[in-house]
Amino acid sequence: MFVGLLEVYDKHKCIEMSIPENLHYIKSSLPEQVTLVAVSKTKSVNEIMEAYDAGQRIFGENKIQEMVDKEAQMPKDIEWHMIGHVQRNKVKYMAEFVSLIHGVDNFKLLKEINKQAKKHHRTINCLLQIKIADEDSKFGMTAKEAQDILQSDELSELNNVAVVGVMGMATFTENTQQVEDEFKRLKMIFDDLSNLEPKDSKFKIISMGMSGDYQIAISCGSTLVRIGSSIFGERNYK
Ligand SMILES: *Cc1c(COP(=O)(O)O)cnc(C)c1O
């Protein structure tokens, strides 16, 4: 059976087009209010530069050391997002430049980010990672824990972090109904948390959706999608 191009993209399997072509295809399919994080983990500076030269400025990495190495070699107008699990003792390495940390899943981490941001006279934007998948391996907090953090007096004392939204990862499954239910839950949690915030709050971001599920995520209200393999091709892990 002939497999059309769209279908190849939809399945997010072997993508044989170039990085700029993949990028343009994805960007043209995103609604205006949705921002693209190009997930460049494991990819070389040369590969990332292909996306940069095609206009992409926001890149996501999941390892702090790898992001630090790339940041040093690349143009300074790039916004670097940390999308992976963050160890507290490594926050200091990225505090000078990171523009958004997606995976904040406890208050102690937020405090450390605040401490390191202060040293650089910056405010670092953070997302609270909410566990929506039914897999043990996914990090994240409950809606209640997120609510407690947002309402705590301690948070209001952290002047060098801004909690600007939530992040979540759906279960890795072919069951699109389950994925949709999980994304809908994250949107509901976001809406509930938003109601605790002042009207002019910066709490506006819902980071959900990856190569395999970003269309579903967008239909459920995502404002930030994190897409790697559909842009750069399969990752090579050594
Ligand atoms: C790797 C990764 C992505 C991108 O995954 P793809 O399936 O390659 O698009 C998105 N979010 C997180 C947290 C990741 O670790």
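Not measured: the values here are computed from a predicted model. (Residues numbered from 1 in each chain as written. Predicted model: local features only at pLDDT ≥ 70, side-chain atom pairs only at ≥ 80, totals over all residues. Heavy atoms only, no water.)

### Focus: the overall build of the protein
How we decide: Secondary structure elements follow DSSP: runs of H or I of four or more residues count as helices, runs of E of two or more count as strands, with numbering from the N terminus. Both definitions apply: the radius of gyration is a C-alpha atom measure, and the globule rule equals 2.2 Å times residues to the power 0.38. For every residue, the accessible area (1.4 Å probe, protein chains only) is compared with the maximum for its type, and the residue is labelled buried under 20%, exposed over 50%, or partly exposed between those bounds. Working rule for contacts: check all heavy atoms of both residues, and any pair within 4.5 Å makes them a contact.
Counting secondary structure elements, the protein contains 11 helices and 8 strands. Relative to the globule expectation of 18 Å for 238 residues, the C-alpha radius of gyration of the protein, 18 Å, shows essentially globular dimensions. If you line up the protein on its principal axes, its C-alpha atoms span 60 × 40 × 35 Å. Taking all 238 residues of the protein together, the buried fraction comes to 50%. Considering only contacts within the protein whose residues lie at least 6 apart along the sequence, 59% involve residues at least 24 apart.

### Observations regarding the site of the ligand
In plain terms, the rule: Residues are labelled near a given molecule or strand when at least one of their non-hydrogen atoms is within 4 Å of it. Polar contact is defined as a pair of N or O atoms within 3.5 Å, subject to the rule that within protein one atom must be able to donate a hydrogen and the other to accept it, and that residues adjacent in sequence are counted only when both atoms are side-chain atoms. Areas reported here follow the Shrake-Rupley algorithm with a probe of radius 1.4 Å; residue values treat only the protein chains shown as occluding. Under the convention adopted here, Pro, Cys and the residues Ala, Val, Leu, Ile, Met, Phe, Trp and Tyr are nonpolar, Asp, Glu, Lys and Arg are charged, and Gly plus all remaining residues are polar.
Around the ligand lies a shell formed by Val39, Lys41, Ile83, Met167, Met169, Met210, Ser211, Arg226, Ile227, Gly228, Ser229 and Arg235. The separation between a nitrogen atom of the ligand and a polar side-chain atom of arginine 226 is 2.8 Å. Across the complex, the protein chains shield 90% of the 390 Å² of accessible surface that the ligand would expose by itself. When grouped by side-chain class, the residues that make up the shell around the ligand number 6 nonpolar, 3 polar and 3 charged.

### Regarding the packing of helix α2 (residues 19–29) against helix α3 (residues 45–53)
Test applied: In this analysis an axis means a line fitted to C-alpha atoms, helices contributing only their contacting stretch, and an angle means the value between N-to-C directions, from 0 to 180 degrees. Angular relationships are summarised with four words: roughly parallel below 35 degrees, roughly antiparallel beyond 145, roughly perpendicular across 65 to 115, and oblique for the angles in between. Handedness of each helix crossing follows the sense of rotation of the near helix against the far helix: counterclockwise by less than a right angle gives left-handed, clockwise gives right-handed.
Between α2 and α3, the least distance of the axes is 8 Å, while the angle of their chain directions is 45°. With respect to each other, α2 and α3 are oriented oblique. Both α2 and α3 take part in a crossing whose hand is right-handed. Here Ile19, Pro20 and Leu23 of α2 come into contact with α3, specifically with Glu47, Glu50 and Ala51. A breakdown of the residues in the contact of α2 with α3 according to their chemical character gives 4 nonpolar, no polar and 2 charged.

### Looking at the UniProt feature "modified residue: N6-(pyridoxal phosphate)lysine" (unreviewed entry) in the protein
Quick note on the threshold: UniProt positions are given in the numbering used here, feature names are shortened, and annotations may be inferred rather than shown by experiment.
UniProt records the feature "modified residue: N6-(pyridoxal phosphate)lysine" (unreviewed entry) at Lys41, using the numbering of this structure. Structurally, lysine 41 is set in the loop between β1 (35–39) and α3.

### A word on the nonpolar core
Put simply, the test is: Within this scheme, the nonpolar core is defined by two criteria: the residues are buried Ala, Val, Leu, Ile, Met, Phe, Trp, Tyr or Cys, and they are joined through side-chain atoms within 4.5 Å.
One finds Phe59, Met94, Ile101, Leu110, Ile113, Phe183 and Ile231 to be the most contacted residues of the largest nonpolar core, which totals 65 residues. Among the elements that line this core, the one with the most residues is helix α9 (residues 176–194), at 6 residues. If near-sequence neighbours (up to four positions away) are discounted, isoleucine 231 is found in contact with Ile19, Asn22, Leu23, Ile26, Leu36 and Ala38. In this structure, Ile58, Leu100, Met167 and Leu224 belong to the second largest nonpolar core, which totals 8 residues.

### Details of α2
For the record, the criterion: As used here, the arc belongs to the directions running from the helix axis to the C-beta atoms.
Turning to α2, its buried residues are Ile19, Asn22, Leu23 and Ile26. Along α2, the residues classed as buried sweep out an arc of 100° about the axis, all on the same side.

### With respect to the pairing of strand β2 (residues 58–61)
Going by this rule: For two strands to count as paired, DSSP must find a minimum of two bridges between them. Classification remark: right-handed applies to a crossover when, strands pointing away from the viewer, the course from the first strand over the helix to the second runs clockwise.
Alternating residues of β2 divide into Ile58 and Gly60 and Phe59 and Glu61, and every residue in both groups is buried. Note: β1 against β2, 2 bridges, orientation parallel. What sits directly across from valine 39, in β2, is glycine 60. As for the winding sense of the linkage, the β-α-β connection from β1 through α3 to β2 is right-handed. Pairing of β2 with strand β3 (residues 79–82) involves 4 bridges; the strand directions are parallel. Counted as the bridge partner of phenylalanine 59 is tryptophan 80 from β3.

### Things to note about unusual backbone geometry
Backbone geometry places threonine 42, a non-glycine residue, at a positive phi of 70°. Among the secondary structure elements, threonine 42 is positioned in the loop between β1 and α3. Backbone geometry places histidine 121, a non-glycine residue, at a positive phi of 55°. In this structure, histidine 121 sits in the loop between α6 (107–119) and β5 (124–129). Look at histidine 121 and you get exposed, because its relative accessible area is 75%.

### Looking at the pattern of salt bridges
Applicable threshold: One side-chain nitrogen of Lys or Arg within 4 Å of one carboxyl oxygen of Asp or Glu is enough to make a salt bridge.
Taken as a whole, this structure holds 7 salt bridges when the rule is applied. Here aspartate 77 and arginine 57 are joined by a salt bridge, their closest N and O atoms 3.1 Å apart. Taken as a pair, aspartate 77 in the loop between α4 (64–73) and β3 and arginine 57 in the loop between α3 and β2 lie far apart in primary sequence, 20 residues in all. In this structure arginine 57 comes out as partly exposed when scored by relative accessible area, which is 29%. For aspartate 191, the salt bridge goes to lysine 187, with nearest N and O atoms at 2.9 Å. Within this pair, aspartate 191 and its partner lysine 187 are both found in helix α9, separated by 4 residues, close to a single helical turn. Among the residues examined, lysine 187 registers a relative accessible area of 27% and is labelled partly exposed. Through salt bridges with shared partners, a single ionic network connects Glu61, Glu66 and Lys70.

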